[in-house]
Amino acid sequence: MSHQRDRIERGWQLLEAGDLAGAEAALRRAQQGGSDGADVLCLAGAVASARGEIDDALDLLARAAAADPEDPHPLLQAGELELYSRGDPKAAIAMAGRALALTDEDEERADVLLLRAEAEFQLEDEKAALAAAADTMAMVEELEIADPVLLTRAAQMYLDLDRWDDAERGYLAAVEEDPSQADAHHGLGLVYERRGDREAMIRAWTDTRRLDELAPPPPWHLSLDEFEKVAEAAMAELPPEVLSRLENVPVLIADLPDEHLVEEGYDPRLLGLFSGVPLPGKSHATNQVAVIDAVHLYQKNLERESADREQLVEEIRVTVLHETAHFFGLEDDDLDSLGLG
């Protein structure tokens, strides 16, 4: 039995490191000791989710919950999939409610409550959503939390609620617990951006970029060739008269924005960027500094933004169309109305 536990733990570690093939091998070895245990089924659900097989993952997690009705973890995993893969906050709230009744430790309760708050924040009725999320965060405040990931998630929720001081305290506590917590550094940058503290923002985002560069790719990572093909397919959606205008505008792929862009105040987690002069601003007689027109895509950031391969493909598509639209001079409000915001 101890060998099976070791294999399950190894599977989770490999999955977290972005090694889906290794996690699948660890899962197969764990299943040799029995495939119907809740722990094995939870790992199997996570592996299925990493493959993008969300329905299969939810079925496995339902079996895990039935195998051990006192364990909140299958319900928590399922709630996360309902919220972040299926986009169903009501289903996530229901799962969180069931899981909360099974928790007794503070950090376990915090994990469930944060999922519930994140789901409540996405409810359609904005006023009710803000009130519900704020009430849930009041419950979180009563708990003892030291885990840097939970502290970061709590801080992000406060930022979403425009409680900047609470957000800053949470992010700083997360960084103190784990200086390599890139999400916390990025959140601090967002707090300082909203306060207008440019120097502190750039410091925080410089740390974010340095840490993001070291992060392993997720299981849905695409090779450069695959990534280019997805971007090319997005460009092919454009009408011929638009493509003719873009003939000399390359699509450039990099892991992250260049350091000099972060030093200029750009968010290191940009998904894409148009560099150059938008078409309506071009002139044959001008004193503009020559800048090459290009659409930049940032692969690590797009992969981080996605929960599976299908979502990644859609994120690349939307980002290509978004940045291409900037070339034609469309502003963010125009892009929102087109569904490309």
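Residues numbered from 1 in each chain as written. Predicted model: local features only at pLDDT ≥ 70, side-chain atom pairs only at ≥ 80, totals over all residues. Heavy atoms only, no water.

Participant: Hey, could you run me through the side chain of serine 306 in this one?
Facilitator: In this fold, serine 306 is placed in the loop between helix H16 (299-305) and helix H17 (309-327). Take serine 306: its relative accessible area is 5%, and that puts it in the buried class. The residues touching serine 306, leaving out its near neighbours within four places in the chain, are Trp220, Gln311, Leu312 and Glu315. (Helix = DSSP H or I, 4+ residues; strand = E, 2+ residues; numbered from the N terminus. Buried < 20%, exposed > 50% of the residue type's maximum accessible area, 1.4 Å probe, protein only. Contact = heavy atoms within 4.5 Å.)

Participant: Looking at this structure, how should I read the nonpolar core?
Facilitator: Taken as a class, soluble globular proteins show a tendency for nonpolar side chains to be buried jointly. Ranked by internal contacts, the top residues of the largest apolar core, which has 70 residues, are Leu15, Val47, Met137, Ile145, Tyr171 and Tyr192. In terms of residue count, the dominant contributor to this core is helix H3 (residues 38-50) (ten residues). In this structure, valine 47 is in contact with Leu15, Leu20, Ala23, Glu24 and Leu27, ignoring residues within four places of it in sequence. One finds Val242, Leu246, Ile316 and Leu321 within the second-largest nonpolar core, a separate group that totals 20 residues. (Core = buried A, V, L, I, M, F, W, Y, C linked by side-chain atoms within 4.5 Å.)

Participant: I keep staring at H3 and nothing clicks. Help me out?
Facilitator: The periodicity of an α-helix, 3.6 residues per turn, causes residues three or four places apart in sequence to face the same way. Taking 1.5 Å per residue as the helical rise, H3 with its 13 residues ought to reach 18 Å, and the 18 Å between its terminal C-alpha atoms agrees with that figure. Judged by how many residues are buried, H3 sits mostly within the fold: twelve of 13 residues are covered. Buried within H3 are the following residues: Ala38, Val40, Leu41, Cys42, Leu43, Ala44, Gly45, Ala46, Val47, Ala48, Ser49 and Ala50. Against the buried residues of H3 lie helix H1 (2-16), helix H2 (20-31), helix H4 (54-67) and helix H5 (73-84). (Expected span 1.5 Å × (residues − 1).)

Participant: Would you mind showing me how to read H2 here?
Facilitator: Given a rise of 1.5 Å per residue, twelve residues ought to cover 16 Å, and the 16 Å separating the end C-alpha atoms of H2 matches this to within 8%. For H2, the full list of buried residues reads Leu20, Gly22, Ala23, Glu24, Ala25, Ala26, Leu27 and Ala30. The elements touched by buried residues of H2 are H1 and H3.

Participant: Please explain the pattern of salt bridges as it appears in this structure.
Facilitator: Oppositely charged side chains are able to pair whenever their charged atoms sit close together. Tallied over the entire structure, the rule returns 24 salt bridges. Here arginine 163 ties to glutamate 141 by a salt bridge, and the two come within 2.7 Å at their closest N and O atoms. Here arginine 163, found in the loop between helix H9 (148-160) and helix H10 (164-177), pairs with glutamate 141, found in the loop between helix H8 (126-140) and H9; they are 22 residues apart in sequence, far enough to count as distant. Two residues, aspartate 165 and arginine 195, come together in a salt bridge whose shortest N-O distance is 2.7 Å. One end of the pair, aspartate 165, is in helix H10; the other, arginine 195, is in helix H11 (residues 182-195), and 30 residues separate them in sequence. Its relative accessible area of 47% is what places aspartate 165 among the partly exposed residues. (Salt bridge = Lys/Arg side-chain N within 4 Å of Asp/Glu carboxyl O.)

Participant: What am I meant to see in the sheet that holds strand E1 (residues 251-254) here?
Facilitator: Think of a sheet as strands paired side by side through backbone hydrogen bonds, with each pair either parallel or antiparallel. Pairing within the open sheet is mixed, and its three strands lie in the order E1-E3-E2. Edge positions in the sheet fall to E1 and strand E2 (272-275), since each of these pairs with one other strand and no more. Ignoring which end each strand starts from, the neighbouring axes of this sheet average 20 degrees apart. Pairing geometry for E1 and strand E3 (residues 294-298), over four bridges, is parallel. Residue valine 251 lies in a different strand from E3, and its bridge partner there is valine 295. Most of the contacts of H17 go to E2, to which it runs at about 20 degrees, and overall it touches E2 and E3. (Pairing = 2+ DSSP bridges. Axes fitted to C-alpha atoms, helices over the stretch in contact; angles between N-to-C directions.)

Participant: Any chance you could explain a positive patch on the surface here in plain terms?
Facilitator: A surface patch of like charges, here positive, comprises Arg7, Arg10, Arg28 and Arg29. Going through the elements one at a time, H1 and H2 are the ones with two or more residues in the positive patch. Tracing the backbone through its elements, the reader meets arginine 28 in helix H2. (Patch = residues over 30% accessible without salt bridge, like charges linked within 9 Å, V, L, I, M, F, W, Y side chains within 5 Å. Areas by Shrake-Rupley, 256 points an atom, 1.4 Å probe, with all protein chains shown as cover. Lys, Arg positive; Asp, Glu negative; His and termini not counted. Charge placed at Lys NZ, Arg CZ, Asp CG, Glu CD.)

Participant: What should I look at first to understand the packing of helix H7 (residues 106-120) against H9 in this one?
Facilitator: A pair of packed helices can be characterised by two numbers: the angle between their axes and the separation between those axes. Contact geometry of H7 with H9 gives a least axis separation of 10 Å together with a crossing angle of 30 degrees. With respect to H9, the element H7 is oriented roughly parallel. For H7 against H9, the interelement crossing comes out left-handed. For the pair H7 and H9, contact is made by Glu107, Ala110, Asp111, Leu114, Leu115, Ala117 and Glu118 and by Leu150, Arg153, Ala154 and Met157, respectively. Taken together, the residues of the contact of H7 with H9 break down into seven nonpolar, no polar and four charged. (Parallel < 35°, antiparallel > 145°, perpendicular 65-115°, else oblique. Left-handed = near helix turned anticlockwise from the far one by under 90°. Nonpolar A, V, L, I, M, F, W, Y, C, P; charged D, E, K, R; others polar.)

Participant: Please explain unusual backbone geometry as it appears in this structure.
Facilitator: A positive phi angle is found at aspartate 162, which is not glycine, with a value near 65 degrees. Note on placement: aspartate 162 falls in the loop between H9 and H10. Judged by relative accessible area, aspartate 162 falls into the exposed class, the value being 54%.

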